[in-house]
Amino acid sequence: MNSRPTPFDDLDRKIVTALMDNARTSFAEIGAAVGLSATAVKRRVDRLRETGVITGFTATVKPSALGWRTEAYVEVYCEGAAPPRRLAEVVSNHPEITAAMTVTGGADALLHVRARDVEHFEEVLERIRTEPFIRKTISVMVLSHLIPESPEAGANQVAPDGAADVR
């Protein structure tokens, strides 16, 4: 990734918006919408990827189709000051944790966890709690997504043990 600041103009913004709406939109379609050739759009997309503005392209999938039927947010409270680097190491060892961030407030971190079912979630929670610097956790189960199109409503990996179900 390039560390130099890169210009990001209105055309870049329009291209990124088009890709965020539908990453499968062709460069020719984007070019027609923004007034550039397909080649010029490709050059800009390549530059945006090289500079880290665009970090990837992905498919958003219904979680239950991939075997994830249970979802929760877990507040993590640490003993002392756990460095974010150490928290990142811990969460990377749990494929069920789909997002993790340090936060302000009482908790030190917030984890987004997906599991096959409640029993699997409980097992994941127990694994998280075995870390010596974790003092306590508070979990909140997700009942439904009020904005079904949000990135949080979709899944990006299959549940372990082939528990897929397309219901």
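Note: the structure precedes this text.
S.K.: I tried to follow the overall build of the protein on my own but got confused; where do I start?
M.R.: Looking only at helices and strands, the protein has 5 helices and 4 strands in total. Reading the protein from its N end, one meets helices and strands in the order α-α-α-β-α-β-β-α-β. Expressed as a percentage of its 167 residues, the buried residues of the protein come to 34%.

S.K.: Help me out: how do you make sense of empty space enclosed by the protein in this one?
M.R.: The final tally for this structure, using the stated rule, is 1 cavity of 30 Å³ or more. A volume near 40 Å³ is recorded for the largest cavity. Considering the residues around the largest cavity, the lining is formed by Val76, Leu87, Val90, Val91, Leu111, Ile128 and Ile134. Ranked by residue count, the leading element in the lining of the largest cavity is helix α4 (residues 84-92), at 3 residues. Looking at side-chain class alone, the lining of the largest cavity contains 7 nonpolar, no polar and no charged residues.

Here is what the cut-offs are and how they apply
Residues numbered from 1 in each chain as written. Predicted model: local features only at pLDDT ≥ 70, side-chain atom pairs only at ≥ 80, totals over all residues. Heavy atoms only, no water. Helix = DSSP H or I, 4+ residues; strand = E, 2+ residues; numbered from the N terminus. Buried < 20%, exposed > 50% of the residue type's maximum accessible area, 1.4 Å probe, protein only. 1 Å grid on protein atoms, 1.4 Å probe; cavity = no way out; pocket = protein on both sides within 12 Å on 5 of 7 lines; lining within 4 Å. Points joined across faces, edges and corners; volume = space filled by probe spheres on them. Nonpolar A, V, L, I, M, F, W, Y, C, P; charged D, E, K, R; others polar.

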